[in-house]
Amino acid sequence: TLAACGEKKPDPGKDATATEPVVILHTNDVHGAVSNYAKVAALASQYESEGAYVLILDAGDFSQGDTAVSVSEGATAVELMNMVGYDAVALGNHEFDYGYAQLKENLKEATFSTICCNILDENGKPAFEGSKVFDIDGLKIGFIGVNTPESQTKANPALIKGLTWLAGADMVKAVQAEADKLKADGTDVIVVLSHLGVDSESEPNRSTDLWAGLTGVDFIIDGHSHSVMEKGDNNEPIQSTGTAFANIGVIVIDDASKKIESNSLYEIKEDTAKDATVAAAAKVIVDRVNNEYGVKFATSKVELNGAKAPNGNRDVETNNGDLITDAMRWKVLQNKDGLTVNEDHVVAITNGGGIRAAIAKGDVTKKDINTVLPFGNTVAVVYVTGEQLLEALEASTFSTPTAVGGFPQVSGIN
């Protein structure tokens, strides 16, 4: 068994042959924790120094979250992932937050492969490559990418116009078709790189649902639900690292038997070794953002609720939701001449799932605000009837008290 120790190399490279086991390192739901990319690079170098051939994968949601990536609309994440030496990624729902066009621009700079088999373009054709095979001195490892169908309702529909997602049985069929193709081509190990998660609200599109419908697949690397797991509740071979580099996933494939030997999670700690080059690049990005966005401009007398649920922005009224929607309503009321209704008929609504963090009591910076609201949304004014408003409120509270990202935070409504 390879140990995560040994002499570091300055850059994670690739061995010419696989005379020792192949090690897959994987991450998911990084959400802008860019300082820890250096720890992935160091771990890769440590394994390589012991003779392993290392592949580095990500299961999505690397483009959005902390201000370090959100202000660049994901471009800085790609920059650092290139430096680390990522080989392939699946797409998360948050890769579409800034639009399909921006995502394609970001990926033009990527030195890694992007795989996803269940997203179709406006012509009904696959929008991305469905799978990627790495032939390592005769050992063929294939990865199949799949993205949560929730992306089509969690991203701005105007920014993903023309794209459609295969879901449920159709999604399973798409993944199975890729698996069958890889198997026919003599692929030894087949791994699904999924951004599906295991949350009950994602049924029937969870990674566990997918596994139940597949044959000929050896393993699933998962993301989306921020789960920390080395196997599913029913011992399914599904692994996920949590979020923001809580862990790095490690999968060892024996080159002789051509089978998965082990899978585990490597816990990331404050003193975990870092690659100096990647760490320096990340620091430049973080410092630049902090210098621009880290200046105090306000003070909060209370902590503003950033929780999802229970008692968070996805299931109850919160002070953070009140502040945001009060601000939206105030903005519109300043332009009184532009209104065609009385002031007491002006209401503001935002979805609780768009409120991504808390604000602590005390100093408030632009970085705090951007972390809470990372999507770059703007205020839109629409005129609706009372009947339409009621229908929207009923639709967005249909599961209450069960949490949902569409739960409405409001101003001007009791």
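See the structure above.
Summarised in this report is the structure supplied together with it. Keep in mind it's a predicted model, so treat the numbers as computed, not measured. (Residues numbered from 1 in each chain as written. Predicted model: local features only at pLDDT ≥ 70, side-chain atom pairs only at ≥ 80, totals over all residues. Heavy atoms only, no water.)

Points about the overall build of the protein
Next up, step 1: The helix and strand tally for the protein stands at eleven helices and 18 strands.
Next up, step 2: Taking 2.2 N^0.38 as the reference for a compact globule, 414 residues should give roughly 22 Å; the C-alpha atoms of the protein span a radius of gyration of 23 Å, in line with that estimate.
Next up, step 3: Taking the principal axes of the C-alpha coordinates as reference, the protein spans close to 75 × 45 × 35 Å.
Next up, step 4: A total of 414 residues make up the protein; the buried ones form 50% of that total.
Next up, step 5: Contacts in the protein between residues at least 24 apart in sequence constitute 73% of all its contacts with a sequence separation of at least 6.
Next up, step 6: On the protein, roughly 19000 Å² of surface is accessible, and the fraction owed to carbon and sulfur atoms is 50%.
Next up, step 7: Averaged over its 33 positive side-chain charges, the protein has a centre that lies 4 Å from the centre of its 59 negative ones. (Helix = DSSP H or I, 4+ residues; strand = E, 2+ residues; numbered from the N terminus. Rg over C-alpha atoms; globule rule 2.2 N^0.38 Å. Buried < 20%, exposed > 50% of the residue type's maximum accessible area, 1.4 Å probe, protein only. Contact = heavy atoms within 4.5 Å. Areas by Shrake-Rupley, 256 points an atom, 1.4 Å probe, with all protein chains shown as cover. Lys, Arg positive; Asp, Glu negative; His and termini not counted. Charge placed at Lys NZ, Arg CZ, Asp CG, Glu CD.)

What about a nonpolar patch on the surface?
Next up, step 1: The grouping of Val341, Val379, Val381 and Tyr383 at the surface amounts to a nonpolar patch, some 330 Å² of accessible area in total.
Next up, step 2: Secondary-structure assignment places valine 341 in the loop between α9 (319-333) and β16 (348-351).
Next up, step 3: On the basis of relative accessible area, valine 341 is assigned to the partly exposed category, the value being 33%. (Patch = residues over 30% accessible without salt bridge, like charges linked within 9 Å, V, L, I, M, F, W, Y side chains within 5 Å. Salt bridge = Lys/Arg side-chain N within 4 Å of Asp/Glu carboxyl O.)

Overview of the packing of helix α3 (residues 75-84) against helix α8 (residues 276-293)
Next up, step 1: At their nearest, the axes of α3 and α8 sit 9 Å apart, and the two run at 170° to each other. Taken together, the axis directions place α3 and α8 in an arrangement best described as roughly antiparallel. Contact residues: Thr76, Glu79, Leu80, Met83 and Val84 in α3; Thr277, Val278, Ala281, Ala282, Ile285 and Arg288 in α8.
Next up, step 2: Across the contact of α3 with α8, the residue classes tally to seven nonpolar, two polar and two charged. (Axes fitted to C-alpha atoms, helices over the stretch in contact; angles between N-to-C directions. Parallel < 35°, antiparallel > 145°, perpendicular 65-115°, else oblique. Nonpolar A, V, L, I, M, F, W, Y, C, P; charged D, E, K, R; others polar.)

A closer look at the sheet that holds strand β9 (residues 189-195)
Next up, step 1: Strand order across the open sheet formed by six strands is β6-β7-β9-β10-β12-β11, with mixed pairing between neighbours. The two strands at the open ends of the sheet, each matched to only one other strand, are β6 (131-136) and β11 (228-229).
Next up, step 2: Taken together, the seven bridges between strand β7 (residues 139-147) and β9 define a ladder with parallel strand orientation. In the strand pairing of β9, valine 146 is matched with serine 194.
Next up, step 3: Of the strands in this sheet, β6, β7 and β9 touch helix α6 (residues 168-184), which is tilted by about 165° from β7. (Pairing = 2+ DSSP bridges.)

Thoughts on the environment of valine 364
Next up, step 1: For valine 364, the location among the structural elements is in strand β17 (residues 362-365).
Next up, step 2: Expressed as a C-alpha distance, the spacing of valine 364 and leucine 91, which sit 273 residues apart in the sequence, is 32 Å.
Next up, step 3: The residues touching valine 364, leaving out its near neighbours within four places in the chain, are Val295, Lys296, Phe297, Ala298, Thr299, Ser300, Ile359 and Ile369.

Considering the pairing of β16
Next up, step 1: Only one face of β16 is covered, namely the face carrying Ala348 and Thr350; the face carrying Ile349 and Asn351 is uncovered.
Next up, step 2: Where β16 lies against strand β18 (residues 408-411), four bridges are found, and the strand directions are antiparallel. Paired with asparagine 351 across the bridge in β18 is proline 408.

Structural notes on the layout of surface pockets
Where empty space is left in the structure can be found by rolling a water-sized probe over the atoms.
Next up, step 1: As a volume, the second largest pocket reaches approximately 270 Å³.
Next up, step 2: Together, 19 residues line the second largest pocket, and His31, Gln64, Gly65, His226 and Arg356 are the ones closest to its centre.
Next up, step 3: In the lining of the second largest pocket, the residues fall into six nonpolar, nine polar and four charged. (1 Å grid on protein atoms, 1.4 Å probe; cavity = no way out; pocket = protein on both sides within 12 Å on 5 of 7 lines; lining within 4 Å. Points joined across faces, edges and corners; volume = space filled by probe spheres on them.)

Some remarks on unusual backbone geometry
Next up, step 1: Following glutamate 203, the chain continues into proline 204 via a peptide bond in cis, with omega recorded as 10°.
Next up, step 2: With respect to the element layout, proline 204 can be found in the loop between β9 and α7 (207-212).
Next up, step 3: Following threonine 400, the chain continues into proline 401 via a peptide bond in cis, with omega recorded as 15°.
Next up, step 4: Locating proline 401 in the fold gives a position in the loop between α11 (386-396) and β18.
Next up, step 5: Despite not being glycine, aspartate 137 shows a phi value in the positive range, around 55°.
Next up, step 6: Within the secondary structure layout, aspartate 137 lies in the loop between β6 and β7.
Next up, step 7: On the basis of relative accessible area, aspartate 137 is assigned to the exposed category, the value being 57%.

What to know about the pattern of salt bridges
A side chain with one charge may pair with a side chain of the opposite charge, provided their charged atoms come close.
Next up, step 1: Going through the model one piece at a time under the given rule, you end up with eight salt bridges.
Next up, step 2: We note a salt bridge from glutamate 105 to lysine 108, for which the minimum N-O separation is 2.9 Å. Within this pair, glutamate 105 and its partner lysine 108 are both found in helix α4 (residues 100-108), separated by three residues, close to a single helical turn.
Next up, step 3: According to the relative accessible area criterion, glutamate 105 is partly exposed, its value standing at 42%.
Next up, step 4: Its relative accessible area of 60% is what places lysine 108 among the exposed residues.
Next up, step 5: Two residues, lysine 154 and glutamate 150, come together in a salt bridge whose shortest N-O distance is 2.9 Å.
Next up, step 6: For glutamate 150, a relative accessible area of 13% puts it in the buried group.
Next up, step 7: One salt-bridge network, in which partners are shared between bridges, spans Glu203, Arg206 and Asp209.

Some remarks on the nonpolar core
Next up, step 1: Core analysis: the biggest nonpolar cluster contains 50 residues, and Leu25, Tyr37, Tyr86, Phe96 and Phe128 have the highest contact counts within it.
Next up, step 2: Beyond its immediate chain neighbours, meaning those up to four positions away, leucine 25 contacts Val40, Leu43, Ala44, Tyr47, Val54, Leu55, Ile56, Leu57, Ile248, Gly249 and Val250.
Next up, step 3: By size, the runner-up hydrophobic cluster in this structure holds 21 residues, among which are Ile141, Phe143, Phe219 and Ile251. (Core = buried A, V, L, I, M, F, W, Y, C linked by side-chain atoms within 4.5 Å.)

Things to note about the pairing of strand β14 (residues 259-267)
The side chains of a regular strand alternate, first on one face of the sheet and then on the other.
Next up, step 1: Both strand β13 (residues 247-254) and β14 contribute to a ladder of eight bridges, which runs antiparallel. In the strand pairing of β14, isoleucine 248 is matched with tyrosine 266.
Next up, step 2: Between β13 and the antiparallel strand that follows it, β14, lie four residues; lysine 258 among them carries a positive phi value of about 60°.

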